[in-house]
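Residue strings, one per chain:
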Amino acid sequence: MGTGLSRSDDAAASRASRRLIQTMPALALMLGGVRAAVGFLVAAWRGAGVALSLAGVGVGAFLLGVRWGATPAWQAVWLGAALLAAIIAQSALYRLALARPGIEPGGLQWGRAEGRLLAVWLLTAIFLFILGLLAFTALIASAYAVASAGNGFAAAEPATWARAVDGRGRFAVGAVAVAGAAALVWARMRICLAPAASVARGRVQVLSTWPITRGTAWPITAAWALISVGPMLLLLALSHFAPIAPATSWAIIVAVALAKGLVVAGLWLPLDAGLMSYLYRRPDPPSPASPPSP
């Protein structure tokens, strides 16, 4: 082949080019999603400000109930009220972001879309619960296998199991735990478009959204992490401020709890809806293997 590229060099260059082509859409996906999420904030408050405020109050009331030691029954009541208010707000946000009809003034409505979102929340929780059980089972099995290979292990004496795990065993169990957590995050991101798809298509969509996120789970995770930085910092700041308040200053305690609720419902929820709506509406990128059309 003379002084030109060898066949192996040509193949390596082709693989590098393919990786570059695949990386550029991932970066564009992240930046475009974050930009769309931030840009949706103003429209969200204009169209669904009442629903967002109500959801924020619901979350704040639940936090107050937990702080003041409410009974488990009352905590469950406040949690249920907060979740219902969040579903109403989330539905209004997706109606706005996806230009779907049916939104009432302030974003307060309950119809089929809200019922579908409730079903999506329940089905997603069941799906992740099952995966979590499988990951936990794998972790327990690996821990038992590592302990049984260690010194001083006695199957009839559980107190000896932990002492039988040496440094390498702890590393192996930790690797299994990290892999299980990563698998749960990956699975969650593969169905993260379920609420947007359910509102847009007019029927409950959970596992049917799995193909939409093929190959984009980790870029979506990165974009979701970026939009969550601001709300998390605000929540941490409010959490550090709350203990400073005097024990008798109930007004400050209530204000901090409501502020946390507004951060969750009024800031993070619109950012999340804006990001997921952008991801759902985006056109599928062309395949790197296919030549561009003339």
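Thoughts on helix α7 (residues 250–281)
An α-helical turn contains 3.6 residues, so a residue and the one three or four places further along point in the same direction.
Line of reasoning, step 1. Helix length check: α7, at 32 residues, gives a terminal C-alpha distance of 45 Å against a target of 46 Å (1.5 Å per residue), a fit within 8%.
Line of reasoning, step 2. The largest bend in α7 comes to about 30 degrees, at W268, with the proline P270 one to four residues further on.

Observations regarding the nonpolar core
Line of reasoning, step 1. In this structure, L93, Y94, L98, L275, M276 and L279 are the most contacted members of the largest nonpolar core, which totals 37 residues.
Line of reasoning, step 2. Every element with two or more residues in this core is listed here: α1 (7–67), α2 (72–97), α5 (194–201), α6 (217–241) and α7.
Line of reasoning, step 3. Top element by residues in this core is α1. It accounts for nine residues.
Line of reasoning, step 4. In contact with M276, other than residues within four places in its own chain, are Y94, C192, L193, A196 and W224.
Line of reasoning, step 5. Counting residues in hydrophobic clusters, the runner-up holds six residues, among them F127, A187, I191 and A194.

Considerations on a nonpolar patch on the surface
Line of reasoning, step 1. The grouping of L123, I126, F129, I130, L133, L134 and V204 at the surface amounts to a nonpolar patch, some 650 Å² of accessible area in total.
Line of reasoning, step 2. Within the secondary structure, L133 is located in helix α3 (residues 112–148).
Line of reasoning, step 3. Here L133 falls in the partly exposed class, since its relative accessible area comes to 43%.

Concerning the pattern of salt bridges
Line of reasoning, step 1. Applying the stated criterion across every chain, the model contains one salt bridge.
Line of reasoning, step 2. Taking the shortest distance from any N to any O, the salt bridge between R95 and E114 comes out at 3.1 Å. One end of the pair, R95, is in helix α2; the other, E114, is in helix α3, with 19 residues separating them in the sequence.
Line of reasoning, step 3. The class for E114 is buried, based on a relative accessible area of 0%.

The rules we used
- Residues numbered from 1 in each chain as written.
- Predicted model: local features only at pLDDT ≥ 70, side-chain atom pairs only at ≥ 80, totals over all residues.
- Heavy atoms only, no water.
- Helix = DSSP H or I, 4+ residues; strand = E, 2+ residues; numbered from the N terminus.
- Expected span 1.5 Å × (residues − 1).
- Bend = angle between axes of the 7 residues up to and from the residue.
- Core = buried A, V, L, I, M, F, W, Y, C linked by side-chain atoms within 4.5 Å.
- Buried < 20%, exposed > 50% of the residue type's maximum accessible area, 1.4 Å probe, protein only.
- Contact = heavy atoms within 4.5 Å.
- Patch = residues over 30% accessible without salt bridge, like charges linked within 9 Å, V, L, I, M, F, W, Y side chains within 5 Å.
- Areas by Shrake-Rupley, 256 points an atom, 1.4 Å probe, with all protein chains shown as cover.
- Salt bridge = Lys/Arg side-chain N within 4 Å of Asp/Glu carboxyl O.

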